[in-house]
Amino acid sequence: MKNIAILCSGGDVSGMNPALKHFVEYSIKMGLSPYFIFDGFEGLIDNKIKKASYDDVAGILTRGGTKIGSARSKRFMTKESRAVAKKNLDNSKIDMLVVLGGDGSFRGIHELHKEHGIKFCAIPSTIDNDISQNEYCLGVDTALNIIKSSIDAIRDTASSFSRAFVIETMGRDCGYLALISHLTSGSELCLIPEVEYDLNSYKNDFKKQIKNGRRYFIAVVSEGIKQETKEIAEWFENEVGVESKICVLGHIQRGGNPTVYDRLMAYKFVNHAVDALLGGINSSVVCYTKNGFIHKEIDEVTSQKYKIDQKLLNYIKKS
Ligand code: F6P
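Let me sum up the structure you'll find in this document. Note on numbering: residues in each chain are counted from 1, in written sequence order. Reporting of local features is limited, given that this is a predicted model, to residues whose pLDDT is at least 70; pairs of side-chain atoms are given and counted only at 80 or more, and all residues count toward the totals for whole chains, interfaces and linings. The side-chain numbers reported here are obtained from all heavy atoms of the structure, hydrogens and water having been left aside.

### A look at the packing of aromatic side chains
Right, on to step 1. Side-chain rings of Phe, Tyr and Trp, where Trp is taken by its six-membered ring, are said to pair if the distance between their centres is within 6.5 Å; with planes under 30 degrees apart they count as stacked, over 60 as edge-to-face, and otherwise as tilted. Counted according to the given criterion, the structure contains eleven aromatic pairs.
Right, on to step 2. For the ring pair Tyr-136 and Tyr-261, a centre distance of 5.0 Å and an interplane angle of 80° mean the geometry is edge-to-face. Residue Tyr-136 is located in the loop between strand E5 (119–124) and helix H6 (140–160), and its partner Tyr-261 is located in helix H10 (residues 260–278); the two are separated by 125 residues in the primary sequence.
Right, on to step 3. Using a relative accessible area of 32% as the deciding quantity, one classes Tyr-261 as partly exposed. Helix numbering and strand numbering both begin at the N terminus, where a helix is a DSSP run of H or I of at least 4 residues and a strand a DSSP run of E of at least 2. Buried, partly exposed and exposed residues are distinguished by accessible area as a fraction of the type maximum, computed with a 1.4 Å probe on protein chains only: under 20%, between the cut-offs, and over 50%, respectively.

### A closer look at the packing of helix H1 (residues 16–29) against H10
Right, on to step 1. Helix axes are fitted to C-alpha atoms over the stretch in contact, other axes to C-alpha atoms as well, and angles between N-to-C directions run from 0 to 180 degrees. Their axes nearest at 8 Å, the elements H1 and H10 cross at an angle of 40°. The pairing of H1 with H10 is recorded here as oblique in orientation. The interaxial crossing formed by H1 with H10 has right-handed handedness. Contacts between H1 and H10 involve Pro-18, Ala-19, His-22, Phe-23, Tyr-26 and Ser-27 from the former and Arg-263, Ala-266, Tyr-267, Val-270, Asn-271, Val-274 and Asp-275 from the latter.
Right, on to step 2. Of the residues assigned to the contact of H1 with H10, the class counts are eight nonpolar, three polar and two charged. An angle below 35 degrees is read as roughly parallel, one above 145 as roughly antiparallel, one from 65 to 115 as roughly perpendicular, and any other as oblique. Left-handed describes a crossing whose near helix is turned anticlockwise from the far helix through less than a right angle; right-handed describes the clockwise counterpart. In this analysis, two residues are considered to be in contact whenever any of their non-hydrogen atoms come within 4.5 Å of each other. When residues are grouped by polarity, Ala, Val, Leu, Ile, Met, Phe, Trp, Tyr, Cys and Pro land in nonpolar, Asp, Glu, Lys and Arg in charged, and all others, Gly among them, in polar.

### A short note on the sheet that holds strand E10 (residues 283–289)
Across a sheet, paired strands are connected by hydrogen bonds in the backbone, their directions being either parallel or antiparallel.
Right, on to step 1. Spatial strand order, E3-E2-E1-E4-E5-E10-E11: seven strands in an open sheet with mixed pairing. Of all the strands in the sheet, the pair left with one neighbour each is strand E3 (49–51) and strand E11 (292–297). Pairwise comparison of adjacent strand axes, ignoring direction, gives a mean angle of 25° for this sheet.
Right, on to step 2. Two strands are counted as paired when DSSP detects at least two bridges linking them. Sheet topology places E10 next to E11; six bridges connect them, and they run antiparallel. Each bridged residue has a counterpart across the sheet, and for Thr-289 the counterpart in E11 is Gly-292.
Right, on to step 3. The strands touched by H10 are strand E1 (2–8), strand E2 (32–37), strand E4 (94–101), E5, E10 and E11; relative to E5, the strand with the most contacts, the crossing angle is about 160°.

See below:
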């Protein structure tokens, strides 16, 4: 019987637990022995490897986070640590790995593959939705729904006073979460790193809207923009003349009960990953595209920067 392992690396997402559950079930169905590697690449170096069974994944489908833990591993960046990781995999007779994570995690597993021939398949899993060649990363739908509920709730209180709320979303240097949240929550302003902006170009319009009876504003800003969120709030106070409040959504965006879409995507991503490894595809990323799931060589994915669809960006560009 062949052994196959799974690990989660980098920021966790809601959808990892459904992926773990399906990984165990599908691997067994395909005649493989599934293993868990706990705490990402850190656990791989420290030999936190354990055979997985149905019992381990019972009841986890509905939970956010990851039952097997995740980590950001600086140690894995060294050749020495990767050699230890390879030894640990050999000791458990594992030569196939499924990796859930983002760009940094993909680079890590690629190094292990290049140096030691470990076969892997990577599944894009980051709320940032910033993996090139790929339209959807596991966990994004749940994060967007959490943001949606938060903005809807803030709107209730914002409309009760005359206030501006500046809501900061995660995403590092990718504005996807902020952009989609803006479009689907009807906020008045959206600022993301991908689109140049000049706050002054909004000033007269916002002041006119207040004169015409508008009571509140909602602005969705991505954490990666050129200004601090508090500077945007100060601009509302000083230039538009409306009291302002800040809400940094932070890590609540990473948790919560996985949506139906993320549960289903977890299922499909895992199927494609295990099938790829069984079919002899040894260093790929499962990418979800307009044409369905495809496998892309890891180099092609990590060597390019993700670009948000221009049509979406145009929605917030000032003409
Ligand atoms: O990459 C996912 C992410 O949630 C980013 O959006 C955010 O900037 C970062 O991770 C936060 O990292 P940490 O959980 O290590 O503070």
